[in-house]
Amino acid sequence: VVGQSVNMARMLVNTPPSEKPPAVLAEVVRKAASGHGVAVEVWDAAKIREERFGGLLAVAAGSDEPPSFVTLEYSNGGDEAPVLAIVGKGVTFDSGGLSLKPSASMEDMKSDMTGAAVAAAAILAAARLRLPVNVRGYLAFTENMTGGRAMKLGDVLTMRNGKTVEVLNTDAEGRLILADALADAAEADPDRILDLATLTGACMVGLGTKIAGLFSNDDDFADEVAAAAGAAGERTWPLPLDDDFKDALKSGVADMKNVGGKWGGAITAAKFLEEFVAGVPWVHLDIAGPSWSDNENSTRDAGGTGCFVRTLAAYLEKSAGA
């Protein structure tokens, strides 16, 4: 079951971007969850606007394809069992927006929805294994394109939780859609939140292509996720979340900017996300490196890797006492 779930995530990542616009990918997830005891809700652009997802709407504005927001709920742990919320970044193609990526940097950007694919696949694995756990998924799907309505540098966005963000780089879009999703997840008062995102090139500079950066506001939760990754044969490395990194996000016109300075880019991205979890114990996995393999080797084909489906399955099995 876990292997099939890994392959599901890989299949979604490897699908060409023209074949998985947000609404299509949301429907694929809905169909995959049917018959497995997972409740699924899909929001269209009108509902997303009604729910005040300013970040997701701004990122989607440059595309002809409307965004989608998918929630999954698997409740098999009973009223007393803790609830884990899993949030996934689902940018189905990332051009960088007006802060346009170089052409070579776009070649694997069909993989920028790996976090959402992994979140969905892991929840379906838990359901198919009938684990006695409670888990919710929050998947934000959009393209990041350069159309005439694309968000501009200097725009100020109002996010789901009311905080305002000055956009100074449209290629730092993942944190904008995650901010709305994290805020929505936190409002449901889960016991823990975990997000996965192909978030920063800076994390790849620091850790290479096979190790995910692990950030957390809760040491015990971080240790448990790291242990699950180790048991699954996947690799994480803890990175700091010191408060002085917030200084790089200060804005003169909004509560914060969406980018910091030149240094510590993966950390300032995580500090940005921390502003939207409302103090709930939280782990952020920056999976930009291990989400994609340029070359085949003895253990994997080239392309999407389905990384951290196994880790999440191991974590949920441990939570269930399996």
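That block above? That's the structure.
A few points on the structure.

Cut-off values and rules
- Residues numbered from 1 in each chain as written.
- Predicted model: local features only at pLDDT ≥ 70, side-chain atom pairs only at ≥ 80, totals over all residues.
- Heavy atoms only, no water.
- Helix = DSSP H or I, 4+ residues; strand = E, 2+ residues; numbered from the N terminus.
- Rg over C-alpha atoms; globule rule 2.2 N^0.38 Å.
- Buried < 20%, exposed > 50% of the residue type's maximum accessible area, 1.4 Å probe, protein only.
- Contact = heavy atoms within 4.5 Å.
- Areas by Shrake-Rupley, 256 points an atom, 1.4 Å probe, with all protein chains shown as cover.
- Lys, Arg positive; Asp, Glu negative; His and termini not counted.
- Charge placed at Lys NZ, Arg CZ, Asp CG, Glu CD.
- Phe/Tyr/Trp six-rings, centres within 6.5 Å; stacked < 30°, edge-to-face > 60°.
- Core = buried A, V, L, I, M, F, W, Y, C linked by side-chain atoms within 4.5 Å.
- Pairing = 2+ DSSP bridges.
- Axes fitted to C-alpha atoms, helices over the stretch in contact; angles between N-to-C directions.
- Expected span 1.5 Å × (residues − 1).
- Arc of directions from axis to C-beta.
- Salt bridge = Lys/Arg side-chain N within 4 Å of Asp/Glu carboxyl O.

**As for the overall build of the protein**
Here is step 1: Looking only at helices and strands, the protein has 11 helices and 13 strands in total.
Here is step 2: Against the compact-globule benchmark of 20 Å for 322 residues, the protein has a radius of gyration of 18 Å, which places it among compact chains.
Here is step 3: Across the 322 residues of the protein, 56% fall into the buried class.
Here is step 4: Contacts in the protein between residues far apart in sequence, at least 24 positions, make up 78% of those at least 6 positions apart.
Here is step 5: Surface exposure of the protein reaches about 13,100 Å², of which carbon and sulfur atoms provide 48%.
Here is step 6: For the protein, the distance from the average site of its 29 positive side-chain charges to the average site of its 44 negative ones is 3 Å.

**A few points about the packing of aromatic side chains**
Here is step 1: Going through the model one piece at a time under the given rule, you end up with six aromatic pairs.
Here is step 2: Centre to centre, the rings of Trp43 and Phe69 are 5.3 Å apart; their planes meet at 40°, and the pair counts as tilted. With a gap of 26 residues between them, Trp43 in strand β1 (residues 39-43) and Phe69 in strand β2 (residues 68-75) connect regions that are remote in the sequence. When sorted by exposure, Trp43 lands in the same class as Phe69, which is buried.
Here is step 3: Between Phe272 and Phe276, the ring centres sit 5.3 Å apart and the planes meet at 45°, which makes this aromatic pair tilted.
Here is step 4: Connected via pairs of aromatic rings, a cluster forms that spans Trp43, Phe53, Phe69 and Tyr138.

**Points about the nonpolar core**
Here is step 1: Of all hydrophobic cores here, the largest spans 51 residues; its most connected members are Ile86, Leu139, Leu194, Leu196, Leu285 and Phe308.
Here is step 2: The leading source of residues in this core is helix α6 (residues 114-128), at 11 residues.
Here is step 3: Aside from chain neighbours lying at most four places away, what touches Leu194 is Leu84, Ala85, Ile86, Val87, Phe221, Val225, Val283, Leu285 and Leu312.
Here is step 4: In this structure, Leu157, Leu207, Ile211 and Trp282 belong to the second largest nonpolar core, which totals 46 residues.

**Let's talk about the sheet that holds strand β11 (residues 282-286)**
Think of a sheet as strands paired side by side through backbone hydrogen bonds, with each pair either parallel or antiparallel.
Here is step 1: Pairing in this open sheet of eight strands is mixed, and the strands run β1-β2-β4-β3-β7-β11-β8-β9 from one edge to the other. Only two strands of the sheet have a single neighbouring strand rather than two, namely β1 and β9 (236-238). Going from strand to strand, the sheet's axes swing by 20° on average, the running direction of each strand aside.
Here is step 2: Of the strand pairs in this sheet, strand β8 (residues 212-216) and β11 are connected by four bridges, and their pairing is antiparallel. Along β11, the bridge assignment pairs Leu214 with Leu285.
Here is step 3: Contacts between α6 and the sheet are confined to β2, β3 (83-94), β4 (134-144) and β7 (192-197), with β3 contributing the most and set at about 140° to the helix.
Here is step 4: Sheet strands touched by helix α10 (residues 265-274): β7, β8 and β11. Its angle to β11, the strand with the most contacts, is close to 145°.

**Things to note about helix α2 (residues 22-33)**
Here is step 1: Helix length check: α2 (12 residues) gives 17 Å between terminal C-alpha atoms against 16 Å at 1.5 Å per residue, within 8%.
Here is step 2: Those residues of α2 that fall on the buried side of the exposure criterion are Pro22, Leu25, Ala26, Val29 and Ala33. Angular distribution of buried residues about the axis of α2 spans 105°; they occupy a single face of the element.

**Concerning the pattern of salt bridges**
Opposite charge on two side chains lets them pair, provided their charged atoms get close.
Here is step 1: Counted under the stated rule, the structure contains 19 salt bridges.
Here is step 2: Of the charged contacts in the structure, one is a salt bridge between Arg160 and Glu187, with a shortest N-O distance of 2.7 Å. Linking Arg160 in the loop between β5 (156-158) and β6 (164-166) with Glu187 in helix α7 (residues 174-187), this pair joins segments that are 27 residues apart in sequence.
Here is step 3: Among the residues examined, Arg160 registers a relative accessible area of 8% and is labelled buried.
Here is step 4: On the accessibility criterion, Glu187 (46% relative accessible area) is partly exposed.
Here is step 5: A single network of salt bridges, built from pairs that share partners, joins Lys47, Glu50, Glu51, Arg160, Asp184 and Glu187.

**A look at the environment of Thr142**
Here is step 1: Mapped onto the fold, Thr142 is located in strand β4.
Here is step 2: When the C-alpha positions of Thr142 and Arg192 are compared, they lie 25 Å apart, and in sequence the two are 50 residues distant.
Here is step 3: Each residue touching Thr142, except ones within four places of it in the same chain, is listed here: Pro22, Leu56, Val59, Ala60, Pro67, Gly90, Val91, Thr92, Phe93 and Ile177.

**Considerations on the pairing of β11**
Here is step 1: Of all five residues in β11, five are buried; the element is thus mostly enclosed.
Here is step 2: Where burial is concerned, the two faces of β11 agree: the one with Trp282, His284 and Asp286 and the one with Val283 and Leu285 are both buried.

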